[in-house]
Amino acid sequence: MVRTGFIGLGSQGAPMAERMLSAGFPLTVWARRPEAADDLVAKGAVRAGSVAELGAACDLVGLCVVDDAGVETVAAKLIPAMAPGSVLVIHSTVLPQTCERLAETAAARGVLLLDAPVSGGGAGAAAGTLTVMCGGSAEAYDKALPALESFAGKIVLLGPVGAGQRAKIVNNALMAANMGLAHAALSLGEKLGIERGALADLVRHSSGRSFGFEVYARLPAPTAFAHGGKLLRKDVDLLGAITSTGNALAQAADPFLHAALNETEPTP
């Protein structure tokens with residue numbers, strides 16, 4: 001059985017790691033805050049004393065921290081400790097260029113890298129229904145696949161390293177754009193004298209519906225989505241970094257994100 005490891009035991013990473021453990025994979029964990037690993041350790045995971053110790057003990061390591069800086073900081077300690085032939089799987093949503101650079105560093109040591117951001121949140125991770133968007137070699141994908149299957153409902157290899165990130169960034173920006181369009185539609189409806197709840201219910205049963213609309217329609221106010229808004233803002237900004245800041249998805253998403261985060265909209 002492949003010896004697995006996991007770093008990044010947040011609301012999404014922890015249930016992903018637990019699914020791997022429940023599927024029978026030997027699991028080693030490390031957390032910047034040791035208490036974040038306590039539940040998994042109680043269920044049979046091994047607690048590593050350091051990032052390097054975890055890397056040396058595992059054939060496959062999942063990394064699910066928040067941003068590029070976190071990924072690079074952990075990877076700088078992790079990759080040198082990993083054995084040739086092992087696989088580093090990056091589940092964070094970051095710039096594709098970050099994964100491409102790290103893949104080169106890993107390859108110099110004989111370590112494979114798969115970028116594999118996920119969609120579905122903590123609930124999807126716990127249910128084993130996440131969508132996993134992969135970028136990397138066929139060898140890296142094949143080695144990682146059994147572990148990925150423990151928490152995923154849909155797994156797609158989209159191309160070389162970085163392809164998974166590009167797909168995830170577009171997907172999340174589309175979600176933000178759909179919520180932005182919902183923000184515009186319900187606001188316009190109210191200006192036209194249509195009761196908000198009635199219009200929201202109508203759209204949910206009509207051709208204008210989308211997952212983003214349904215999420216938005218449940219909000220008492222845009223600011224109720226402030227936590228999720230920060231994550232979508234990050235991903236819309238990532239799309240701007242790899243395309244242009246004036247891309248169509250950003251233009252659709254920005255008014256809602258400004259409202260959710262109490263930002264002042266820029267003057268046109």
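Preceding this paragraph is the structure being described.
Residues numbered from 1 in each chain as written. Predicted model: local features only at pLDDT ≥ 70, side-chain atom pairs only at ≥ 80, totals over all residues. Heavy atoms only, no water.

Caption draft 1: Main features of the layout of surface pockets. There is about 1500 Å³ of room inside the largest pocket. Along the wall of the largest pocket there are 44 residues; nearest its centre are Ser11, Gln12, Cys64, Val66 and Leu231. In terms of residue class, the lining of the largest pocket is built from 18 nonpolar, 20 polar and six charged. (1 Å grid on protein atoms, 1.4 Å probe; cavity = no way out; pocket = protein on both sides within 12 Å on 5 of 7 lines; lining within 4 Å. Points joined across faces, edges and corners; volume = space filled by probe spheres on them. Nonpolar A, V, L, I, M, F, W, Y, C, P; charged D, E, K, R; others polar.)

Caption draft 2: Main features of empty space enclosed by the protein. Counting across every chain of the model gives one cavity of 30 Å³ or more. The computed volume of the largest cavity comes to approximately 30 Å³. As for the largest cavity, its lining consists of Met20, Leu60, Gly62, Val89, His91, Ala147, Leu148 and Phe151. Elements with a contribution of two residues or more to the lining of the largest cavity: strand 4 (60–63) and helix 7 (138–148). Among the residues making up the lining of the largest cavity, the classes are represented as six nonpolar, two polar and no charged. (Helix = DSSP H or I, 4+ residues; strand = E, 2+ residues; numbered from the N terminus.)

Caption draft 3: Local environment of the sheet that holds strand 6 (residues 112–115). The six strands are arranged 3-2-1-4-5-6 in an open sheet whose pairing can be described as parallel. The two strands at the open ends of the sheet, each matched to only one other strand, are strand 3 (46–47) and strand 6. Bridge count for strand 1 (residues 4–7) against strand 4 is four bridges, and the pairing is parallel. The residue of strand 4 that forms the bridge with threonine 4 is leucine 60. Across the sheet, helix 4 (residues 68–78) touches strand 1, strand 4 and strand 5 (87–90), and the angle it forms with strand 4 is around 160°. Relative to strand 6, helix 7 is tilted by about 60°, and along the sheet it contacts strand 4, strand 5 and strand 6. (Pairing = 2+ DSSP bridges. Contact = heavy atoms within 4.5 Å. Axes fitted to C-alpha atoms, helices over the stretch in contact; angles between N-to-C directions.)

Caption draft 4: Just a nonpolar patch on the surface, in detail. Taken together, the side chains of Leu188, Leu192 and Ile194 make up a nonpolar region of the molecular surface, amounting to roughly 300 Å² of accessible area. By the secondary structure assignment, leucine 188 is in helix 8 (residues 163–191). (Patch = residues over 30% accessible without salt bridge, like charges linked within 9 Å, V, L, I, M, F, W, Y side chains within 5 Å. Areas by Shrake-Rupley, 256 points an atom, 1.4 Å probe, with all protein chains shown as cover. Salt bridge = Lys/Arg side-chain N within 4 Å of Asp/Glu carboxyl O.)

Caption draft 5: Expanded view of the pattern of salt bridges. One pass over the structure, following the stated rule, counts 12 salt bridges. Of the charged contacts in the structure, one is a salt bridge between aspartate 39 and lysine 43, with a shortest N-O distance of 3.1 Å. Put simply, arginine 101 and glutamate 72 hold a salt bridge, and the shortest N to O gap is 3.0 Å. Of this pair, arginine 101 sits in helix 5 (residues 96–108) while glutamate 72 is found in helix 4, placing the two residues 29 residues apart along the sequence. Given the relative accessible area of 42%, arginine 101 is considered partly exposed. By relative accessible area, which is 31% here, glutamate 72 ends up partly exposed. (Buried < 20%, exposed > 50% of the residue type's maximum accessible area, 1.4 Å probe, protein only.)

Caption draft 6: View of the nonpolar core. Ranked by internal contacts, the top residues of the largest apolar core, which has 33 residues, are Phe6, Leu27, Leu114, Val132 and Leu148. For this core, the secondary structure elements donating two or more residues are helix 1 (13–22), strand 2 (27–30), strand 5, strand 6, strand 8 (130–134), helix 7 and strand 9 (152–157). By residue number, the principal contributor to this core is helix 7, which donates five residues. Once residues lying within four places of it in the same chain are set aside, the contact partners of phenylalanine 6 are Gly13, Met16, Ala17, Met20, Leu27, Thr28, Val29, Trp30, Leu54, Gly62, Cys64 and His91. Core analysis: the second largest hydrophobic core is formed by 25 residues, Phe213, Val215, Leu219 and Leu238 among them. (Core = buried A, V, L, I, M, F, W, Y, C linked by side-chain atoms within 4.5 Å.)

Caption draft 7: Here's a closer look at helix 4. Of all the positions in helix 4, only Asp68, Val71, Val74, Ala75 and Leu78 are classed as buried. Buried residues of helix 4, viewed axially, fall in a sector of 140°; they line one side. Exposed positions of helix 4 whose direction lies more than 90 degrees from the buried face are Ala69 and Ala76. Summarising the contacts, the buried residues of helix 4 are in contact with strand 1, helix 3 (51–57), strand 4, strand 5, helix 5 and helix 11 (226–242). (Arc of directions from axis to C-beta.)

Caption draft 8: A look at the packing of aromatic side chains. Throughout the structure, instances matching the rule amount to two aromatic pairs. With 5.9 Å between their ring centres and 40° between their planes, phenylalanine 225 and phenylalanine 256 make a pair best called tilted. On the criterion of sequence distance, the pair formed by phenylalanine 225 in the loop between helix 10 (211–217) and helix 11 and phenylalanine 256 in helix 12 (residues 248–260) is long-range, its members being 31 residues apart. Residue classification places phenylalanine 225 among the buried positions, given a relative accessible area of 17%. Under the relative-accessibility criterion, phenylalanine 256 is labelled buried at 0%. (Phe/Tyr/Trp six-rings, centres within 6.5 Å; stacked < 30°, edge-to-face > 60°.)

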